[in-house]
Amino acid sequence: MIKRIVTGCFWLALFLHTTLMQAQSPSKIANEPLIQMDYERLVTRADLYYTEPVKRSEEGQPIGNGRMGSLVWTTPSQVKLQINRVDIFGNNSSSNNFFERNTEYVGAAANVDLDFGEQVFTVPTYHQHLSCYKGISTVKGKGITAEVMALPEQDVIIMHVKDKRTTPNPIMTNLGMLRKPITERGNHRALSKLEKQDDYMVLTQAFREDDYYCASAVVIGLSDYAGPAERTNESTMRLSNAQDATEFTVFIASAATFDSTENVAATAVAKMKSARKQRYLKLLEAHQAWWENFWQKSFIHLSSADKEADYIEQNYTYYLYVMASSSRGRFPTKFNGMLWATGGDLRQWGNAFWGANQSCLYNALFPTNHMELMDPLFNLYFHNYFSLEKAAEQQWRSKGIYIPETMGFDGVPAIPDNIAKEMQSLYLMEEPWAQRSARFMAYAETKIPFLSRWNWKHTGEWVAGKWIYKERGDGPYGPVNHLFSRGAKIAYQFWQKYEYTRDENWLRERAYPMLKGIGEFYRNFPNVKKESDDRYHIRFINDNESIWGGHNTVEEIAAMKGIFPVLIKASEILNVDADMRPIWQAFLAHLSPLTTNFDYQEDPREKEIWVGSLPPTSTVRGNGKRLPDGNTMPVWFFDLCNPGAQGNYWEIANNTFDAYFKTEEKKSTYLHVLSKLPIAGAILGREDAIRYLLPNQLRRAPKQEVMRNRMDLSEGFYTTNIQRLGRGAEALHTALCFNGPTHPGGEPIIRVFHAWPKEWDATFKLLTRNNFLVSASMNKGFIRFVEIKAQDKQTCRIQNPWPGQAFVVYRNGIQEQVTRDDLLILDTEKGDRIVIMQHGFEPARIIIRN
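Cut-offs and rules
- Residues numbered from 1 in each chain as written.
- Predicted model: local features only at pLDDT ≥ 70, side-chain atom pairs only at ≥ 80, totals over all residues.
- Heavy atoms only, no water.
- Phe/Tyr/Trp six-rings, centres within 6.5 Å; stacked < 30°, edge-to-face > 60°.
- Buried < 20%, exposed > 50% of the residue type's maximum accessible area, 1.4 Å probe, protein only.
- Lys NZ or Arg CZ within 6 Å of the ring centre and 35° of its normal.
- Helix = DSSP H or I, 4+ residues; strand = E, 2+ residues; numbered from the N terminus.
- Axes fitted to C-alpha atoms, helices over the stretch in contact; angles between N-to-C directions.
- Parallel < 35°, antiparallel > 145°, perpendicular 65-115°, else oblique.
- Left-handed = near helix turned anticlockwise from the far one by under 90°.
- Contact = heavy atoms within 4.5 Å.
- pLDDT = per-residue confidence, 0-100.
- Pairing = 2+ DSSP bridges.

### So, the packing of aromatic side chains
Piece 1. Following the criterion strictly, the structure yields 62 aromatic pairs and no others.
Piece 2. Their ring planes at 65° and their centres at 5.5 Å tell us that W349 and W354 sit as a pair that is edge-to-face.
Piece 3. Judged by relative accessible area, which is 6%, W354 ranks as buried.
Piece 4. Centre to centre, the rings of F382 and Y385 are 6.4 Å apart; their planes meet at 50°, and the pair counts as tilted.
Piece 5. Clustering of aromatic rings is evident, with ring pairs tying together W396, Y402, Y427, F484, F521, Y522 and F525.
Piece 6. Cation over ring: K457 sits above Y469, and NZ or CZ is 4.9 Å from the ring centre.
Piece 7. Lying across the ring of Y318, R710 places its NZ or CZ 5.0 Å from the centre.

Spelled out as structure tokens, the structure:
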């Protein structure tokens with residue numbers, strides 16, 4: 001009887017409590033977005049304003065359409081551009097003529113300048129403004145205004161000029177080669193040709209070596225034409241406008257091809273003529289409409305009394321602008337220069353793609369709701385699948401696919417079988433390096449040293465007309481040779497695109513082949529073996545670039561622990577390879593644990609942390625006790641130590657993160673541009689990682705330069721880049737709206753303001769895994785609401801934004817429930833709009849006008 005009375009009282013209390021809560025909250029709210037954003041005002045906060053000309057070209061303002069682009073800069077009498085494209089490569093990965101580092105041609109198509117015949121771009125009348133919202137760089141000088149933009153849907157850059165000078169000089173448009181008309185390196189030839197056709201100028205360049213061919217063309221025409229083009233020297237041609245023209249447009253079209261039968265000049269001419277047929281105002285209207293639509297897909301708005309949050313927002317918005325301007329082509333934009341090189345087509349680190357560096361640009365893009373900006377990265381690897389499959393077999397005697405850390409645009413070239421056989425023996429450490437054959441060394445002598453398989457080659461010098469290179473000093477090891485986790489990370493991103501879009505066709509046709517290819521590579525890799533402890537070990541491999549020749553490195557063990565669970569889950573979703581699942585599950589179950597300091601029999605009073613490798617390691621780059629490489633943080637990348645992580649990973653992750661800062665406070669720590677420590681801290685919910693590490697990484701150390709265009713030259717000469725902005729964007733997304741699962745392949749959980757400093761205000765709209773658009777707002781530390789738009793029929797999981805407090809759930813404007821659960825789980829239909837807010841607070845529409 002007593003038990004019944006107590007039970008009855010409990011349910012009565014619950015009924016009264018729920019009724020009271022429902023009575024205090026409206027039963028309906030307007031079924032429309034709670035945030036009204038003035039996108040133009042928001043994005044304009046990231047604009048660049050120059051009141052004096054730049055002192056060097058690398059500080060120019062970027063304009064591009066994702067395929068072609070340029071910085072815009074001035075001399076006293078000229079507006080200058082270097083036309084660059086993502087699909088120009090002077091050589092392929094089989095070349096035997098670029099054995100000296102940093103000598104490959106890449107990216108550049110032409111030099112272009114508009115010469116006004118007198119000094120018009122000088123202080124105090126000089127102004128240059130980059131509008132990120134409109135994608136236009138406007139240059140003003142004495143009586144001159146020039147608007148420069150890259151048309152989004154056409155490979156044409158236009159410069160619209162207004163000349164209000166009282167006595168104007170003729171304006172010359174100059175088109176220049178990047179090198180002499182004929183440039184040879186061995187049997188590699190770079191040929192450039194200028195010609196005039198009708199009322200326009202054409203510059204073509206072609207690269208040939210053996211059966212390799214790549215060509216480009218730049219064509220320039222004017223809306224107001226005065227006379228035929230004329231040569232000024234062997235490498236430059238010019239057009240002049242009508243002297244009485246006070247307003248005219250320059251049309252600069254470009255094209256590139258790998259097909260020697262294509263008339264690339266005709267392709268570029270057609271593009272120029274098509275654009276020139278249209279009125280400038282019509283082109284401008286379409287251009288601005290494209291950018292307006294781009295900005296409405298997502299946003300982040302930040303503010304704080306100390307302006308640190310505002311500074312982060314400016315850099316974030318600018319990052320999105322630069323990626324939209326440079327990543328919509330056939331190939332990814334390269335980390336070292338992107339579309340912004342200004343010194344011809346030479347740049348430090350050559351024309352290969354470095355996986356870690358490219359990740360700085362691309363890892364942050366999923367939450368921006370701009371999947372199209374990821375396409376070039378996915379295409380690079382998927383379109384080279386068969387070469388990666390051949391590389392796994394030839395180089396490592398394995399199955400599946402091998403994705404090297406550094407790779408050319410054309411994948412990994414096949415090599416003669418006898419070279420491959422010896423390479424396997426040497427690289428798998430089955431044969432001493434001292435016994436390598438003269439035949440092998442002769443073959444390697446002329447190969448590109450930045451490509452992973454030849455990365456044991458280092459610098460060198462010319463001696464009596466012959467390039468003599470040095471080896472790195474530990475046999476076949478180099479920074480990026482015995483490194484396999486890049487393949488796992490790329491495959492994991494293919495999986496993540498499925499998580500964000502829930503596109504099963506993508507999973508079946510693209511992601512699953514990549515996942516299976518990487519999983520089978522690891523499982524069949526000759527140096528993955530089950531040892532006496534009944535665990536699979538991996539030996540003679542790197543921990544990123546930091547440790548060579550290691551054993552169970554954190555990079556590779558984390559990669560396998562990340563890739564196999566999602567491979568198994570993808571197999572289940574697609575109902576394929578059922579016979580392989582038990583094999584993969586057994587492999588995963590018997591995989592060695594992540595290496596920690598306790599494996600070195602450290603003082604048990606010390607906290608357990610992850611370390612780079614078990615012994616033995618290389619004598620050149622060893623020290624397995626060092627912390628995981630801060631530029632990669634693989635355990636964090638593969639969703640192994642998210643909130644709710646299995647086992648003791650959460651505790652070890654926090655211990656490991658703290659170990660990076662034993663001797664230095666975060667407030668005074670300036671991280672490398674590639675560092676993922678702010679991201680790792682944000683995953684762990686550390687507000688100080690965002691409060692201090694993030695803005696410090698954006699600023700760089702006091703003696704390290706950030707240029708006026710927010711870019712830097714951290715990678716060397718002509719490597720204008722935004723790597724640190726990409727890392728910052730990824731950390732920012734994680735802090736505002738972390739949505740990782742508790743383990744790889746698990747169900748994602750949305751956690752708003754997961755690591756956000758309470759004294760900073762923030763409002764955002766971001767895409768999450770399971771294809772939800774999530775909006776939320778925090779003001780003075782209080783979360784005002786969370787709004788979730790279902791873009792597919794999916795289950796939504798969200799952590800209570802007000803821990804321990806009751807909150808109200810509205811679906812499509814109708815109150816659905818009141819709860820104080822720690823985890824809210826909702827089944828949604830496509831188009832559902834879910835709003836949650838703390839109980840007792842009225843919904844209020846937020847209008848943001850900066």
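### Quick look at unusual backbone geometry
Piece 1. Cis geometry marks the peptide bond from V123 to P124; its omega dihedral reads 10°.
Piece 2. By the element assignment, P124 lies in the loop between β6 (106-115) and β7 (127-131).
Piece 3. The step from P615 to P616 runs through a cis peptide bond, and the omega angle for that step is 0°.
Piece 4. Turning to its location among the elements, P616 is positioned in the loop between α14 (581-589) and α15 (634-637).
Piece 5. Notably, N369 is not glycine yet its phi reads approximately 70°, a positive angle.
Piece 6. Position of N369 relative to the elements: it lies in the loop between α6 (355-362) and α7 (375-382).
Piece 7. The phi dihedral of N812 falls on the positive side, at around 55°, and the residue is not glycine.
Piece 8. Secondary-structure assignment places N812 in the loop between β32 (807-811) and β33 (814-819).
Piece 9. With relative accessibility at 30%, the residue N812 sits in the partly exposed group.

### Side note on the packing of helix α5 (residues 308-326) against helix α19 (residues 723-737)
Packed helix pairs are characterised by how far apart their axes lie and by the angle those axes make with each other.
Piece 1. Contact geometry for α5 and α19: axes closest at 9 Å, N-to-C directions at 115°. Here α19 runs roughly perpendicular to α5, going by the angle between their axes. For the pair α5 and α19, the crossing hand works out as left-handed. In contact with I312, N315, Y316, Y318 and Y319 of α5, α19 contributes R724, L725, G726, A729, L732 and H733.

### Concerning the confidence of the model for the chain
Piece 1. Across the chain, the average pLDDT comes to 94, with 96% of residues at or above 70.
Piece 2. Confidence drops under a pLDDT of 50 for residues 1-23, and excluding neighbours within four residues, the segment shows 8 contacts in the predicted structure.

### Some details on the pairing of strand β30 (residues 782-790)
Piece 1. Pairing of strand β29 (residues 772-779) with β30 involves 8 bridges; the strand directions are antiparallel. The residue bridging N779 from the neighbouring strand is F782, located in β30.
Piece 2. Here β30 pairs with strand β35 (residues 833-838) via 4 bridges, running antiparallel. Looking at β35, one finds that V786 is bridged to I836.

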